[in-house]
Amino acid sequence: MLNRIVIMGRLVRDPELRTTQSGVAVTSFTLAVDRDFKNRDSGEKSTDFIDVVAWRQTAEFVCKYFAKGRMAVAEGRLQIRDWKDRDGNNRRSAEVVADNVYFGDSKREGGDSYGTPPPYGSAPASYGGGQQPAYGGYAGRGESSGFSEIDDQDGDLPF
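Reading the values: the criteria
- Here, residues in each chain are numbered from 1, in the same order as that chain's written sequence.
- Totals for whole chains, interfaces and linings use every residue, but because this is a predicted model, local features are given only for residues with pLDDT of at least 70 and side-chain atom pairs only at 80 or more, for both listing and counting.
- Computation of side-chain values covers all heavy atoms of the structure but excludes hydrogens and water.
- Any Lys or Arg side-chain nitrogen located within 4 Å of an Asp or Glu carboxyl oxygen qualifies as a salt bridge.
- Secondary structure counts use DSSP, requiring at least four H or I residues in a row for a helix and at least two E residues in a row for a strand, with both numbered from the N terminus.
- A 1.4 Å probe rolled over the protein chains alone gives each residue an accessible area, and that area as a share of the maximum for its type sets the label: buried under 20%, exposed over 50%, partly exposed in between.
- When DSSP locates at least two bridges between a pair of strands, those strands are taken to pair.
- Stacked, tilted and edge-to-face are the three classes assigned to paired rings of Phe, Tyr and Trp, where Trp is represented by its six-membered ring and a pair needs centres within 6.5 Å; plane angles under 30 degrees give stacked, over 60 edge-to-face, the rest tilted.

A separate point is the pattern of salt bridges. Tallied over the full model, the rule gives seven salt bridges. Of the charged contacts in the structure, one is a salt bridge between Arg70 and Asp105, with a shortest N-O distance of 2.7 Å. Remark: Asp105 occurs in the loop between strand 6 (90-103) and helix 2 (107-110) and Arg70 occurs in the loop between helix 1 (56-65) and strand 5 (71-84); sequence separation between them is 35 residues. Here Arg70 and Asp105 have matching classes, each one buried. For Asp82, the salt bridge is made with Arg92, and the minimal N-O distance between the two is 2.9 Å. Separated by 10 residues along the polypeptide, Asp82 in strand 5 and Arg92 in strand 6 bring together distant segments of the chain. On the basis of relative accessible area, Arg92 is assigned to the exposed category, the value being 61%. Shared partners join several salt bridges into a network, and the residues in it are Arg4, Glu75 and Asp99.

Shown next as structure tokens:
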């Protein structure tokens, strides 16, 4: 059986880092994901607001480098949760449990640093060249959490 999902959209609010009682880092955020087709009546694209949950190093990474309006790519699994509301009614929620989170826009399109988002509602970056790999994708594999930026003004890159 296969349960894999990849979504790309803009954060609708700043993520907040929380911890469980046992000290595990967790964050939840919502991505505004545009549909690929236009509405027949209005001629506009609809937007889905998809809840995403990230744990441990991935959660820490998201909270450190992403903010409202920033384009993100979340990869993980779809999880359906059953719960009861305050009135005792049965409810059901769907969310993506993210294993990996990537930058969906480039540094130039995203503002002056990775922590500064573009204005909300600005044109989305293309899925290709501007995508930056995120440390969050390596959560739990013993990798170091640091990375350094390459000065793109240097014309003598080794590749």
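So, next bit.
Two strands pair when backbone bridges link them, and strand 4 (residues 45-55) and strand 6 are joined in this way by three bridges, in the parallel orientation. Along strand 6, the bridge assignment pairs Val53 with Val97. Pairing analysis gives 13 bridges linking strand 5 to strand 6, with the strands arranged antiparallel. Each residue of the ladder has a partner; that of Arg81, found in strand 6, is Ser93. Taking the residues that link successive antiparallel strands as the turn, the strand 5-strand 6 hairpin has five residues, and the phi of Gly88 there is positive, at about 85°.

A few words on unusual backbone geometry. One non-glycine residue, Arg56, lies in positive phi territory at about 55°. Relative to the helices and strands, Arg56 is located in helix 1.

In the structure shown here, the tally under the stated rule is five aromatic pairs. An angle of 45° between the planes, with centres 5.1 Å apart, marks the rings of Phe61 and Tyr65 as tilted. Of the two residues, Phe61 and Tyr65 both sit in helix 1, four residues apart, roughly one turn of that helix. Take Tyr65: its relative accessible area is 18%, and that puts it in the buried class. Three or more aromatic residues joined by ring pairs form one cluster here, namely Phe61, Tyr65, Phe66 and Phe103.

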